[in-house]
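Spelled out from the first residue to the last, the chains are:
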Amino acid sequence: MTQAIPQTAPHWTPSLTGSGAPLYIEIAEAIQADMQSGALRPGDRLPPQRALAQALGVDFSTISRAYAEATRRGYTESFVGRGTFVASQPAAPIQPPLRQIEDDPRMNMPPEPSDPDLLARMQAGYTALAPQLPALLRYQSTTGLTQDREIAATWLAQNALPADPTRLAIAPGSHAAIHAILSLLADPGLTLLCEDLTYPGIRAIAAQLGLTLVGLPSDDQGILPDALSEHITKHRPVALYLNPTLQNPTTRTMPAARRKAIAATLHVHDLPLLEDDAYAFTATDTPAPISSLIPGLSWHIIGLSKLLGAGLRLAYVTPPSRAHLPELAAALRAQHVMASPLTLALAHRWISDGTATALQSFLRREAAARHSLAAQCLPDIDITADPNAYNLWLTLPKGISRAEILSRLPQLQMGLMPSDAFCSHGPAPEALRVCLGGPITRADLQTDLLALHDAIIRRDWLG
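None of these values were measured; they are calculated from a predicted model.

1. What about the pairing of strand S13 (residues 391-395)?
Moving on, step 1. With four of its five residues buried, S13 lies for the most part within the structure.
Moving on, step 2. Relative to S13, strand S12 (residues 382-385) runs antiparallel, the two sharing four bridges. Bridge pairing links Asp382 to Thr395 in S13.
Moving on, step 3. Where S12 hands over to S13, the hairpin turn is made up of five residues, counted between the paired strands.

2. Concerning the packing of aromatic side chains
Two numbers describe a pair of aromatic rings. These are the distance of the centres and the angle of the planes.
Moving on, step 1. Applying the stated rule across the entire model yields three aromatic pairs.
Moving on, step 2. Plain terms: the ring middles of Tyr279 and Tyr390 are 6.1 Å apart, the flat faces sit at 70° to each other, and that makes the pair edge-to-face. Within this pair, whereas Tyr279 is found in the loop between strand S9 (273-276) and strand S10 (298-303), its partner Tyr390 is found in the loop between S12 and S13, the two being separated by 111 residues in sequence.
Moving on, step 3. What makes Tyr279 buried here is its relative accessible area of 2%.
Moving on, step 4. Judged by its relative accessible area of 2%, Tyr390 falls in the buried class.

3. Focus: the sheet that holds strand S14 (residues 416-418)
Within a beta sheet, neighbouring strands are joined by backbone hydrogen bonds and run either parallel or antiparallel to one another.
Moving on, step 1. If you trace the four strands from one edge of the open sheet to the other, you get S12-S13-S15-S14, paired in antiparallel fashion. Edge positions in the sheet fall to S12 and S14, since each of these pairs with one other strand and no more. Here the average twist between neighbouring strands, direction ignored, is 25°.
Moving on, step 2. Here S14 runs beside strand S15 (residues 431-435); their pairing, made up of three bridges, is antiparallel. Residue pairing for S15: Met417 is matched across the bridge by Arg433.
Moving on, step 3. Strand contacts of helix H16 (residues 442-457): S13, S14 and S15, with the helix running at about 165° to S15, the strand carrying the most contacts.

4. A closer look at empty space enclosed by the protein
Moving on, step 1. Counted under the stated rule, the structure contains two cavities of 30 Å³ or more.
Moving on, step 2. The calculated volume of the largest cavity comes to roughly 40 Å³.
Moving on, step 3. Lining of the largest cavity is provided by Gln140, Ser141, Thr142, Gly144, Leu145, Asp148, Ala339, Pro341 and Leu344.
Moving on, step 4. Space inside the second largest cavity adds up to approximately 30 Å³.
Moving on, step 5. Elements that contribute at least two residues to the lining of the second largest cavity include exactly helix H3 (60-73) and H16.
Moving on, step 6. Considering every element that reaches the lining of the second largest cavity, the biggest residue donor is H3, with four residues.

5. Quick notes on the environment of Leu445
Moving on, step 1. Relative to the assigned elements, Leu445 resides in helix H16.
Moving on, step 2. In the structure, Leu445 is positioned 31 residues away from Met414 in sequence and 6.4 Å away in space, judged by C-alpha atoms.

6. Describing the packing of helix H4 (residues 116-127) against helix H14 (residues 355-377)
Moving on, step 1. At a closest axis distance of 10 Å, the pairing of H4 and H14 adopts a crossing angle of 145°. Viewed along their axes, H4 and H14 form a crossing whose handedness is left-handed. Contacts between H4 and H14 involve Leu118, Arg121 and Met122 from the first element and Thr355, Ala358, Leu359 and Phe362 from the second.
Moving on, step 2. Within the contact of H4 with H14, the residues separate by chemical class into five nonpolar, one polar and one charged.

7. Quick notes on the nonpolar core
Moving on, step 1. Grouped together as the largest cluster of nonpolar side chains are 37 residues, with contacts concentrated most on Phe281, Leu308, Leu314 and Tyr316.
Moving on, step 2. Secondary-structure elements contributing two or more residues to this core are H4, helix H6 (146-158), helix H11 (305-308), helix H13 (341-353) and H14.
Moving on, step 3. Looking at which element gives the most residues to this core, the answer is H13, with six residues.

8. A few points about the pairing of strand S5 (residues 212-216)
Moving on, step 1. Of all five residues that make up S5, four are buried, and the element is covered over most of its length.
Moving on, step 2. In the classification by handedness, the crossover that spans strand S4 (residues 191-195), the intervening helix H8 (residues 200-209) and the parallel S5 is right-handed.

9. Description of the sheet that holds S5
Moving on, step 1. Ordered by their spatial adjacency, seven strands build an open sheet running S3-S11-S10-S9-S8-S4-S5, and the pairing between neighbours is mixed. Of all strands in the sheet, those bounded by a partner on one side alone are strand S3 (169-171) and S5. Across the sheet, the mean angle from the axis of one strand to that of its neighbour is 25°, orientation sign disregarded.
Moving on, step 2. Direction of pairing for S10 relative to strand S11 (residues 315-318): antiparallel, over a ladder of four bridges. Directly across from Gly303, in S11, lies its bridge partner Ala315.

10. Let's talk about the confidence of the model for the chain
Moving on, step 1. Of all residues in the chain, 91% have pLDDT values of 70 or greater, and the mean over the chain is 89.
Moving on, step 2. Low pLDDT, under 50, characterises residues 1-6; the stretch is placed with three contacts to residues that sit more than four places away or in other chains.
Moving on, step 3. Predicted confidence for residues 93-100 stays below pLDDT 50, and this span has two contacts to residues more than four positions away or in other chains.

11. Side note on H4
Moving on, step 1. In a regular helix each residue adds 1.5 Å, so 12 residues correspond to 16 Å; H4 covers 16 Å between its end C-alpha atoms and thus fits that length.
Moving on, step 2. When H4 is considered as a whole, its buried residues turn out to be Leu118, Met122 and Gly125. Each buried residue of H4 lies within a common arc of 60° when the element is viewed along its axis, so the set occupies one face. Turned more than 90 degrees away from the buried face of H4 sit Pro116, Asp117, Gln123 and Thr127, all of them exposed.
Moving on, step 3. Buried residues along H4 sit against H13 and H14.
Moving on, step 4. The N-cap residue of H4 is Asp115: its side-chain oxygen and the backbone nitrogen of Asp117 are 3.2 Å apart.

12. Details of unusual backbone geometry
Moving on, step 1. For the bond from Asn248 to Pro249, the omega torsion is 20°, close enough to zero to count as cis.
Moving on, step 2. One non-glycine residue, Ala160, lies in positive phi territory at about 60°.
Moving on, step 3. For Ala160, the position within the fold is in the loop between H6 and S3.
Moving on, step 4. Positive phi, normally seen in glycine, also occurs at Leu246, with a value near 50°.
Moving on, step 5. Considering the arrangement of structural elements, one finds Leu246 in the loop between strand S8 (239-242) and helix H10 (256-269).

About the thresholds
- One numbering rule holds for all chains: residues counted from 1, following each sequence as written.
- At least 70 in pLDDT is required for a residue's local features to be given in this predicted model, at least 80 for side-chain atom pairs to be given and counted, and no such filter applies to totals for whole chains, interfaces and linings, which use all residues.
- Side-chain metrics in this entry use all non-hydrogen atoms of the structure; hydrogen atoms and water are not considered.
- Each residue gets one of three labels from its accessible area relative to the maximum for its type: buried under 20%, exposed over 50%, partly exposed in between, using a 1.4 Å probe on protein chains only.
- The helix count covers DSSP runs of H or I at least four residues long, the strand count covers runs of E at least two residues long, and both are numbered beginning at the N terminus.
- Here a strand pair is declared whenever DSSP counts at least two bridges between the two strands.
- Pairing of aromatic side chains here covers Phe, Tyr and the six-membered ring of Trp, requires ring centres within 6.5 Å, and sorts the geometry by plane angle: under 30 degrees stacked, over 60 edge-to-face, intermediate tilted.
- Only the stretch in contact is used when a helix axis is fitted, and all axes are lines through C-alpha atoms; the angle between N-to-C directions ranges over 0 to 180 degrees.
- In this analysis, two residues are considered to be in contact whenever any of their non-hydrogen atoms come within 4.5 Å of each other.
- Computed over the protein atoms alone on a 1 Å grid, cavities are sets of points where a 1.4 Å probe fits but cannot get out and pockets are open sets with protein on both sides within 12 Å along at least five of seven lines; a residue lines them when it has an atom within 4 Å of a point.
- Grid points are joined across faces, edges and corners, and a volume is the space filled by probe spheres set on the points.
- In this scheme, a crossing is called left-handed if the near helix is turned counterclockwise away from the far one by less than a right angle; it is called right-handed if the turn is clockwise.
- For this classification, the nonpolar set comprises Ala, Val, Leu, Ile, Met, Phe, Trp, Tyr, Cys and Pro, the charged set comprises Asp, Glu, Lys and Arg, and every other residue, Gly included, is treated as polar.
- The term nonpolar core refers to a set of buried residues drawn from Ala, Val, Leu, Ile, Met, Phe, Trp, Tyr and Cys, joined through side-chain atoms within 4.5 Å.
- For the handedness criterion, the strands are oriented away from the viewer, and a crossover whose path from the first strand over the helix to the second runs clockwise is classed as right-handed.
- Values of pLDDT, ranging from 0 to 100, describe the predictor's confidence in every residue of the model.
- To estimate how far a helix should reach, multiply one less than its number of residues by 1.5 Å.
- Our arc is simply the arc of the directions from the helix axis toward the C-beta atoms.
- Any pair of nitrogen or oxygen atoms within 3.5 Å is treated as a polar contact; in protein, a donor-acceptor pairing is required on top of that, and neighbouring residues in sequence qualify only through side-chain atoms on both sides.

This is the structure:
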């Protein structure tokens, strides 16, 4: 039996009512109205977004938001590389969520799984905890039970990150761990060194603790050892904070030779290192952590947010020695009491039953696929990217400002962050961090990437 080939709805443009609703909502509702009137039939292909934007004299982003809204309501279906089609089945009524979730697309989130088998495994792990629920709602050890630390050490070893369970602490997220460590190392008014472009969280923590943050110049391999030595002598800092693997925001990974040079410099100056290994479980073929080269000087922090989900708020911390564990535990207890036993049990259930490994494989495949999609949608844009990262770093062409681009794209599902958020000092470059993960689908990501491309390249008709 030969299937009918979907046809583009001939010369279709929405009839806008001027209801006062946002324009993208009016367009989505016009699609529904024309479906009901028969002007749009099931399977019809809607006009390409650029063509409809030009026909209506509006921004590309308005049309992309309208099509995304129509798909969310069930009026249309979108397919990467094929387009947007009128839904073949009548849309079911939209059910309100049991709990309203307000995600922040500006955060650098992993792609969310949609595979039914993987989701079923994740849900089964959660359901299996039900008999233990009363115990998991009690106060427990600030830095994790012995069995928790042993599971953590085994998982770390499986990922080429050997760890001693007797020298390991479990914290309620990397952010909490960094805050606790710096509260031990530094008094207000002292200096903390970091990369010139750095994780925004360290800026917030430093500000709260009254620390002066000083950024170090970098090249494409990371911070410069000579500059590190000069700044140590000049500023007498309390520590160096680094994110050397899939660095946020540039996605660069520091090679082994540079890591050895940084470790040697820190050893000469006896300066502590806070190594934030947020992407340790998603990166591949990564050199050994700097912390492994100078264990007596390093605090190694490995978060689980980029693997199992930020909502779990968990991180593994290896301090310079066992002697540091009591003071770390005291700081964590004073600030956060403990990591949630419920989320810790869930994470370790997923690790023990293989769900974490399956999720890890999915994330690596999906991240690579999304980077391939980004390369197709942004072929003539200056981007820095790693296929294991959840974002890319986009440098804008000369004469185009980040503020201008952000003002043109206020309604994207894809997360855009200006360089200002990452700049430790001085003027920020004209650049954006583009998050490719989170709840956004590949089809919607493609739409948003094309909108970003047009906002940068096709400025002549976007105004």
